[in-house]
Every structure is written in C-alpha cells, then in structure tokens.
Amino acid sequence: MTGETIADYLNVTVPIGCIDEVRFELRPLLDMCGLSELSPDVFTLPNKGGTFKISRRGKVGIFSASGGFLASLRASRRLDHYLAALSGFPHRVSMLHVTQDYHVDNAPAVIQAVKARGHAGELALTRKSIRADQVKAILSLDKEGRETGTVYLGHRANADVWAKIYDKGHERQVKGFDDPGNIVRVEIAVQSDVGATLRDVSAPSAIFHRFARVSLVEVPPDVPEWVAFGEGYVPSVRLYDPTTLQRAESLLATSLDVSRLVQLARSEFGDGAFDALMPLLRARCRLRSSL
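This is a predicted model, so every value here is computed, not measured. (Residues numbered from 1 in each chain as written. Predicted model: local features only at pLDDT ≥ 70, side-chain atom pairs only at ≥ 80, totals over all residues. Heavy atoms only, no water.)

Section: the side chain of Arg-78
Applied cut-off: Strands are runs of DSSP state E lasting at least two residues, helices are runs of H or I lasting at least four, and both sets are numbered from the N terminus onward. Any residue under 20% of the maximum accessible area for its type is buried, any over 50% is exposed, and the rest in between are partly exposed; the area is computed with a 1.4 Å probe on protein chains only. As used in this structure description, the phrase polar contact means that two N or O atoms lie within 3.5 Å; if the pair is within protein, one of them must be able to donate a hydrogen and the other to accept it, and residues adjacent in sequence are counted only when both atoms belong to side chains.
Tracing the backbone through its elements, the reader meets Arg-78 in the loop between helix 2 (67–75) and helix 3 (79–87). Given the relative accessible area of 17%, Arg-78 is considered buried. Within the local environment of Arg-78, its side chain forms a polar contact with the backbone oxygen of Met-32, the two atoms lying 3.2 Å apart.

Below, the structure is given as structure tokens:
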C-alpha cells in the first residue's frame, strides 16, 4: 500500500524584472492562506509550519515554496491558483522535490537494505549507477533499538537528480509527533536542467516514477511516461481574486501579532479593548508608510 505522490518543495525562477509583478499577482493568495511576513519577502504559516520566500540571485528572482506551504495549498485547494499565477510569466522550475510514502512491514530493514545496495553500487536514478562515495547514511536507534534513519543518493550540490529514502515513522517520533507506523518515504529531487514544468507540480507521479523506478520502486500500470520539458501547465482556474475585505479578514484571523495585540488589550481593558485599540488603529491607517 502506498500514499499519494506529492510535490514537497518547489523553486521557480523568473527574470529579475518580473519579481514585482509576480509578487503582486501572488499577494492576494498569500493573504488568504494566512501567511505572516516575518521580514521582507519571507513568509511563514503560523502554528502550521511551512514557509514561502522571494529572493534574488544574479539575473533571476526565486520563488521558494516549502513542503509545508505546498501541503497547505493542497489542503485548501489553492495549489492550482498558485501555479496559475506563476504560469502567467516567463519562468523555470529550478528545483522540485517529489515524494511518495510506502507502507512496509519493517521500515528499518528497508533502510538498511537501501544503504547496503547503495554502498555496493547497485542503485541508480538515471542510466548511470550511483557511486558508493555518493551514498550517505545518517542513522540512529529507534524506540526498539533498531538502527534506522535516512539514506541520501547522489550529491545535492552538483547532481541534476538526487534522492533520499528515510524512515518516516522514526523521523516523526524524533520530532515529537505520533508514530504513523512503518512508513518509508522516497523523495526525488530534480534541478532545472532535468526539464520539470509546473505541470509536474500539479501532477507529480510521472516525474517521480521516471527516476524512482530505475532501482527504488515499482511503477503502477496507470502512470504515464514522463517527458523532459513536456507539456507545460495549463491553468484550470482563474487567477485568485478575493476582495480586500476577505484578505483583511484572513489576515486578522490568522496573524499571531494581531492575536497578541487583542490579548494584551483585553488583559487591561476587558470588554473595552476595542475602544482602546481604535485610536491606535486609526493612527496607523493614516501613516503613509503603512499603505
């Protein structure tokens, strides 16, 4: 039994001159997702994990979506809106991680088997086998005293394709979460030269199995063949266009800073908190720097 193939990390680059336009197009969606801006162009999902960043490198702008942010977009059915906004500009998928979970009888045994095969030079993601010195294992003891953890295949710094296979149950327990059972996660990462498109973010199964099937997993019969730089993403939705009041309501409902402000006012003024805050809010709205 396996889980759904998902996109777990995404970097999209655009020409440096398009950054402001793309940011403007995305901002209503970011507001409705409840993202808080920690610093200019660095956003986080309060209490949920996940980040979204906008950065510059040379002649391109980079829009980075973490696995937590992508999961939130999928859960709220806004992933297609995010991809639609990006698709309207010249862009390139410069980094994409796709993952799938596999329910197994003994996760530590699977990890040990992958490690052994990797060190024996028996694994590959493309036509070329992965050298033993490109296999790295980070292991520790689980709650039953078995050695398990993560195996990395390929060098992330200079490989077009690399992978990691890890004991998901052990990883969740180490972080303090409930034990999901014997689950092994296979993660495939591709760089820009591989030829992924936004379509592979929306429907990642084909690109995942293209590389994982070489020596890591079996391919289900209904998975289509993947083609590099194949059919691009065709938006199935219109651009996200909430009203100003909808965006404001979402920000007020999810902002930890606003929650803290309300708690502070209530602790001092009780039911009069609203009246106490109104002069401050009115003054803030009049500041040109806040517009």
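This is not the end of the story, as more comes after the structure.
Topic: the layout of surface pockets
A water-sized probe, rolled over the atoms, reveals where empty space remains. Under the convention used in this document: Every definition here rests on a 1 Å grid over the protein atoms only: cavities are sets of points where a 1.4 Å probe fits but cannot get out, pockets are open sets enclosed by protein on both sides within 12 Å along at least five of seven lines, and lining residues have some atom within 4 Å of a point. Grid points are joined across faces, edges and corners, and a volume is the space filled by probe spheres set on the points. Ten residues, namely Ala, Val, Leu, Ile, Met, Phe, Trp, Tyr, Cys and Pro, are considered nonpolar, four, namely Asp, Glu, Lys and Arg, are considered charged, and the remaining ones, Gly among them, are considered polar.
The calculated volume of the second largest pocket comes to roughly 660 Å³. What lines the second largest pocket is a set of 29 residues, among which Tyr-166, Lys-168, Glu-171, Arg-172 and Lys-175 lie closest to the centre. Looking at which element gives the most residues to the lining of the second largest pocket, the answer is helix 5 (residues 168–174), with five residues. For the lining of the second largest pocket, the residue count by class is eight nonpolar, 11 polar and 10 charged.

Observations concerning the packing of aromatic side chains
Put simply, the rule is: Only centres within 6.5 Å qualify two rings of Phe, Tyr or Trp (six-membered ring in Trp) as a pair; their planes then separate them into stacked at under 30 degrees, edge-to-face at over 60, and tilted for everything else. Whether a charge lies above a ring is judged from NZ of Lys or CZ of Arg, which has to be within 6 Å of the ring centre and within 35 degrees of the ring normal.
For the structure on display, the rule yields six aromatic pairs. Here Phe-52 and Tyr-82 contribute two aromatic rings whose centre-to-centre distance is 6.0 Å and whose plane-to-plane angle is 85°, an arrangement assigned as edge-to-face. Here Phe-52 is found in strand 4 (residues 51–57), whereas its partner Tyr-82 is found in helix 3, with 30 residues between them in sequence. On the basis of relative accessible area, Phe-52 is assigned to the buried category, the value being 0%. Here Tyr-82 falls in the buried class, since its relative accessible area comes to 0%. Geometrically, the ring pair formed by Phe-69 and Tyr-82 is edge-to-face, given 5.8 Å between the ring centres and 85° between the ring planes. Note that Phe-69 is positioned in helix 2 and Tyr-82 in helix 3, a separation of 13 residues in sequence. Members of the aromatic cluster, joined through ring pairs, are Phe-43, Phe-52, Phe-63, Phe-69 and Tyr-82. Across the ring face of Phe-211, the terminal group of Arg-210 is positioned such that the distance to the ring centre comes to 4.9 Å.

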